[in-house]
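Examining the three-dimensional arrangement
Listed here are the chains, written in short residue letters.
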Amino acid sequence: MKQKIASPAKTREILNQYDFIFQKRYGQNFLIDLHVLNKIIQAADLSSNDYVIEVGPGIGSLTQALAEEAGQVIAIEIDKQLVPILQETLKEYDNITILNEDVLQVDMEELLAKRPLGTAVKVVANLPYYITTPIIMGLLEKKLPLEHITVMVQKEVADRMRAVPGTKDYGALSVAVQYYCEPYLVANVPAHCFIPRPNVGSAVIQLRVLEEPRIRVENESFFFQIVRAAFAQRRKTLLNALYHYFQKEISLSKEEIVSCFKVMGLEEKIRGETLTIEQLGTLSDLLYSMIRKTSSNTK
Ligand code: SAM
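Note that the structure is predicted; figures quoted are calculated from it, not measured.

**Some remarks on the layout of surface pockets**
Rolled over the atoms, a probe sized like a water molecule indicates the empty space that remains. Roughly 320 Å³ of volume is contained in the largest pocket. Lining the largest pocket are 15 residues, and of these K24, G27, N29, P198 and N199 lie nearest its centre. For the lining of the largest pocket, the residue count by class is six nonpolar, six polar and three charged. One number sums up the size of the second largest pocket: a volume of about 240 Å³. Lining the second largest pocket are 14 residues, and of these K10, I14, E88, T89 and E92 sit closest to its centre.

**A word on the site of the ligand**
L31, G56, E77, N126 and Y130 are the nearest of the 24 residues found near the ligand. Note that an oxygen atom of the ligand is positioned 2.8 Å from one of the backbone N or O atoms of L31. P57 has a polar backbone atom sitting 3.4 Å from a nitrogen atom of the ligand. In the complex, the protein chains occlude 99% of the 590 Å² of accessible area that the ligand would expose alone. Cavity membership is defined here by more than half of the atoms lying within 2 Å of grid points; on that basis the ligand lies in the largest cavity. When the residues that make up the shell around the ligand are grouped by side-chain class, the tally is twelve nonpolar, seven polar and five charged.

**Focus: the domain arrangement of the protein chain**
Considered domain by domain, the protein chain is made up of domain 1 (8–209) and domain 2 (220–297). The centre of domain 1, based on its C-alpha atoms, is set 36 Å off from the matching centre of domain 2. Facing 13 residues of domain 1, the contacting portion of domain 2 comprises twelve residues. When residues of domain 1 are sorted by the area they lose upon contact with domain 2, Y170, V175 and Y179 head the list and together hold 48% of the total. The interface formed by domain 1 and domain 2 holds one salt bridge in total.

**Things to note about the packing of helix α9 (residues 220–232) against helix α10 (residues 238–248)**
Contact pair α9 / α10: the axes reach a minimum separation of 8 Å and the direction vectors enclose 120°. Our classification of the angle between α9 and α10 gives oblique. With respect to the hand of their crossing, α9 and α10 are arranged in right-handed fashion. Facing α9, whose interface residues are F222, Q225, I226, A229 and A230, α10 presents L238, A241, L242, Y245 and F246. The class makeup of the residues in the contact of α9 with α10 is nine nonpolar, one polar and no charged.

**Some remarks on empty space enclosed by the protein**
Applying the stated criterion across every chain yields a total of two cavities of 30 Å³ or more. Its boundaries defined by the atoms lining it, the largest cavity holds a volume of some 300 Å³. Of all the elements in the fold, those that place two or more residues in the lining of the largest cavity are β1 (30–31), β2 (50–55) and α3 (61–69). Taken as a whole, the second largest cavity encloses approximately 40 Å³ of empty space. Contributing to the lining of the second largest cavity are G27, N29, N126, L127, P128 and Y129. Across the lining of the second largest cavity, the residue classes tally to three nonpolar, three polar and no charged.

**Notes on the sheet that holds strand β5 (residues 120–126)**
The seven strands lie next to each other as β4-β3-β2-β5-β6-β9-β7, forming an open sheet whose pairing is mixed. Here the strands that pair on one side only, and so sit at the sheet edges, are β4 (96–99) and β7 (181–189). Neighbour-to-neighbour, the strand axes of the sheet open up by a mean angle of 15°, direction not taken into account. Pairing between β2 and β5: four bridges, direction parallel. By the bridge assignment, Y51 is partnered in β5 with V121. Most of the contacts of helix α2 (residues 34–44) go to strand β6 (residues 146–154), to which it runs at about 160°, and overall it touches β5, β6, β7 and β9 (202–209). Together, β7 and β9 form the strand contacts of helix α8 (residues 172–180), whose direction differs from that of β7 by roughly 115°.

**Considerations on the packing of aromatic side chains**
All told, the structure shown has twelve aromatic pairs when counted by the stated rule. Ring centres of Y179 and Y180 lie 4.9 Å apart, and the angle between their planes is 85°; this geometry places the pair in the edge-to-face category. Ring pairing ties together the aromatic residues Y179, Y180, F223 and F224, which thus form one cluster. Here R25 stacks its cationic end above the ring of Y26, 4.4 Å away from the centre of that ring. The ring centre of Y184 lies 3.8 Å from the NZ or CZ of R208, which sits over that ring.

What counts and what doesn't
- Residues numbered from 1 in each chain as written.
- Predicted model: local features only at pLDDT ≥ 70, side-chain atom pairs only at ≥ 80, totals over all residues.
- Heavy atoms only, no water.
- 1 Å grid on protein atoms, 1.4 Å probe; cavity = no way out; pocket = protein on both sides within 12 Å on 5 of 7 lines; lining within 4 Å.
- Points joined across faces, edges and corners; volume = space filled by probe spheres on them.
- Nonpolar A, V, L, I, M, F, W, Y, C, P; charged D, E, K, R; others polar.
- Near = heavy atom within 4 Å.
- Polar contact = N/O pair within 3.5 Å; in protein donor to acceptor, adjacent residues only side chain to side chain.
- Areas by Shrake-Rupley, 256 points an atom, 1.4 Å probe, with all protein chains shown as cover.
- Sits in = over half its atoms within 2 Å of the grid points.
- Domains from an automatic or database assignment.
- Contact = heavy atoms within 4.5 Å.
- Buried area = accessible area lost by both parts, 1.4 Å probe.
- Salt bridge = Lys/Arg side-chain N within 4 Å of Asp/Glu carboxyl O.
- Axes fitted to C-alpha atoms, helices over the stretch in contact; angles between N-to-C directions.
- Helix = DSSP H or I, 4+ residues; strand = E, 2+ residues; numbered from the N terminus.
- Parallel < 35°, antiparallel > 145°, perpendicular 65-115°, else oblique.
- Left-handed = near helix turned anticlockwise from the far one by under 90°.
- Pairing = 2+ DSSP bridges.
- Phe/Tyr/Trp six-rings, centres within 6.5 Å; stacked < 30°, edge-to-face > 60°.
- Lys NZ or Arg CZ within 6 Å of the ring centre and 35° of its normal.

Dropping the structure here:
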């Protein structure tokens, strides 16, 4: 077993050796806690058949542990000053590929098409918090063949991803994530587990990707428009939020929206955040067929 990078002493040694300057804009908080690292690795449940995508390897603490367990690790790092460091810290591993790129610009379909046949794809990362949602939604919306996404995120974001209807954390992110995945909290992680300490709490969350989205809807992009509209103005009733939205987009009257509510037995005063994902799906299908009916009548 090689010396672990994810200890406070080894991390400081590497940072000093390279006169590393932290880039705040890249959300650089390096993990220095082996206990947390082991929890991530255990949850990721890796084998030599796994093809792991890591976003933001930093100086390689998590990458090293991933390479010990997985078949292949693709580590995507935006900060070019980290590349020579990673080449040195991970030089003993021949199953790591470092891509010096912005993860949001990487063509994931193309990347995954190159993987060995029959390998399972897992995303494991201590994410840069400033782009958590675009990274996760980008991965999920493309319907990539992922088994799970096991990631360190801001605690508040982990809470929102796994929130249930009627709670303060339940919102468009909860619905979007739960449409594609089953979320599990792996661990809460205090700030002293990182260098430098982030000024927010952190948590490791695992999103187990469902074989099929949780619900079947007529039109997926319309469903997500309805979800966004339903949660956009929390102080408004769902009826007013949808009416407001439809005034800007496609025209539907309040009566038409209410008629969809009635089919579902929903009260006019109901708020968006009390609806389950299944109810949001049914509502979206009803509104969608109402719009199609209205537009075919006006032709
Ligand atoms: N994995 C390391 C660890 O656990 O110690 C570092 C995690 S740190 C929270 C986030 C990492 O993501 C940093 O190395 C940062 O430079 C990198 N990063 C930030 N934005 C990125 C982007 N758009 N694409 C790829 N990597 C990015």
